[in-house]
Amino acid sequence: MTDNPEEPLIANTQSTEGDQHDGSHDVEHAHESRGGKQHISPPGLFIWLLTFSAGISGLLFGYDTGVISATLVSIGTSLSHRPLTSLDKSVITSCTSLFALLVLPFASSLADDRGRKRVVLFADTLFIIGALCQAASRTVEMMVVGRSVVGIAIGAASFVTPLYIAELAPATHRGRLVTMNIVFITLGQVVAYVVGWIFGTYGSPETTGWRWMVGLGAVPAVGQVVILLWMPESPRWLVKEGRSEEARGVIARIAGGVDAQDPSSTRREVDAVLKSIEIEVREEATATRLGSAGAGHANGNAVNAWMEAMRELFRVRRNRRALANACLLQGLQQLCGFNSLMYFSATIFTMVGFSEPTLTSLVVAITNFAFTLVALVLIDRVGRRRILLWSLPFMIAGLVLAGYGFSFIELPDSEVSSPSTTRGQGGAAIILASIMIYVAGYAIGLGNVPWMQSELFSLNVRSVGSGVATATNWSANFVVGLTFLPLMEALSPSWTFVLYAVICAVGYGLIWTVYPETAGLSLEDAATLLEADDWGVR
């Protein structure tokens, strides 16, 4: 096992005695060349280029999440020749989450069978098809089809992109580089609101403006296809496929900035990392083969291998705990109600009386982007657990304050009319301020930390565990997207936001109890934390 800070996402490096000797020999030399000190260098240009190329998936994710907000208030009667009902809006919004959920088992299998990069390219193809389908829609049903295709793309990309980045990232910068994917998501939301405001203000909203909004989502996908053709595959997947020399080349490029004055040290480190990956891949194959044989399955069957990984996920205590923590954070990320603001912010701001609802939504999106940049700086310094416990109280306060602000407003029967009293205008200002507080707290903590889920899982269940956790995210996203407007009508806006505050408070208690701190730990140590009776909580 190596604690090399330039090591990609590797865990469970317990090897056979002979393998340990061979692997440790390289590691010892790597550490001797530093005089026993661990050298931490910033990510090199190659790593940033990889992160940027993969992060375009986050940009697409964010754009398609944000653009629907402006689209819903711009469509008018151009779909099916009638105004959209609340049910229409809920279905158009939530179908994306539903299909993102449904595609996850297939995306997980494809990522293991065909490679991480190919799944991203597959997602790009669907982003292009879905964007063009939406732009050409003439009926609500056709719009739902286009949003569903985009949902498949988002589901595949949301699972594989953080995994792809994490398997390439140096361990000391893993949190920051995975957070870069979230930065791209929030940037995509900002771009979506800017585009929505431009076409909503200066275009012809009910005829062509909204079509340009959704159709432009194809442009970044085309760009990513071109860039990714020149990017490497994950070294871990390459080793698994028997392409160790290609993996060596990728690892060497990742470690290119380490001890440039001592190339032999870099070579030893590359050999050590490659050796540890090879050992783990062999162990994984052996464990899967023995497990399948014990269960009476034939070797070499991909379905049986997946089923065995699922059994391992629930059979081993630390794997169950890793899954519980990952699903807790992924579910809470959606059940706190954040994406309801992203999907329906323009609708909300229209209801409370803002004359430029899309422009007002842009203020919220910029807040999200700005505080995600703050998280980028803090995530590896402050730690995952601490940043969650610090930020959730701000989210709770923002939600409660928003509920208070809605109590001042008597909502109109139609979205085109608006509150006209000074009391209503004061309530609208309170709502905007409270939502900005809530979004800032979300962006710093809960918007980022759940996507560090790969740190929690050991290698043999990492893909399956990450897939189940991401499925939890999309399941909750679907529920929130489908129920937000009906809840606003049934409970009132005030009590809907109070309900989200209660969910956040429950989540705070669970995080305090069971979520350990993993920042600064090797992946092996992070997984070992969950063996303790206290779940590694210090």
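The rules behind the values
- Residues numbered from 1 in each chain as written.
- Predicted model: local features only at pLDDT ≥ 70, side-chain atom pairs only at ≥ 80, totals over all residues.
- Heavy atoms only, no water.
- Helix = DSSP H or I, 4+ residues; strand = E, 2+ residues; numbered from the N terminus.
- Buried < 20%, exposed > 50% of the residue type's maximum accessible area, 1.4 Å probe, protein only.
- Contact = heavy atoms within 4.5 Å.
- Phe/Tyr/Trp six-rings, centres within 6.5 Å; stacked < 30°, edge-to-face > 60°.
- Axes fitted to C-alpha atoms, helices over the stretch in contact; angles between N-to-C directions.
- Parallel < 35°, antiparallel > 145°, perpendicular 65-115°, else oblique.
- Left-handed = near helix turned anticlockwise from the far one by under 90°.
- Nonpolar A, V, L, I, M, F, W, Y, C, P; charged D, E, K, R; others polar.

As a further point, take the overall build of the protein chain. Across its full length, the protein chain holds 20 helices and zero strands. By the burial criterion, 57% of the 538 residues in the protein chain qualify as buried. Here the analysis covers contacts within the protein chain between residues at least 6 apart in sequence; of these, 82% occur between residues at least 24 apart.

Applying the stated criterion to the full structure yields 10 aromatic pairs. Taking 3.8 Å as the distance between ring centres and 10° as the angle between the ring planes, the aromatic pair formed by F338 and Y442 counts as stacked. Of this pair, F338 sits in helix 14 (residues 338-351) while Y442 is found in helix 17 (residues 422-444), placing the two residues 104 residues apart along the sequence. In terms of burial, F338 and Y442 fall into one category: buried. When the centroid spacing of 6.5 Å and the interplanar angle of 20° are considered together, the rings of Y508 and W512 count as stacked. Of this pair, Y508 and W512 both sit in helix 19 (residues 493-514), four residues apart, roughly one helical turn. Judged by its relative accessible area of 25%, Y508 is partly exposed. What links up through ring pairs into an aromatic cluster is the set F406, F484, F497 and Y500.

This paragraph deals with the packing of helix 16 (residues 384-406) against helix 19. Two numbers describe how helix 16 lies on helix 19: the axes approach to 8 Å, and their chain directions differ by 165°. One element, helix 16, and the other, helix 19, form an angle in the roughly antiparallel class. For helix 16 against helix 19, the interelement crossing comes out left-handed. In contact with R385, L388, L389, L392, P393, M395, I396, L399, V400, A402, G403 and F406 of helix 16, helix 19 contributes P493, S494, F497, Y500, A501, C504, A505, Y508, I511 and W512. Residues of the contact of helix 16 with helix 19, tallied by class, amount to 19 nonpolar, two polar and one charged.

These values are about where atoms sit, not about what they do.
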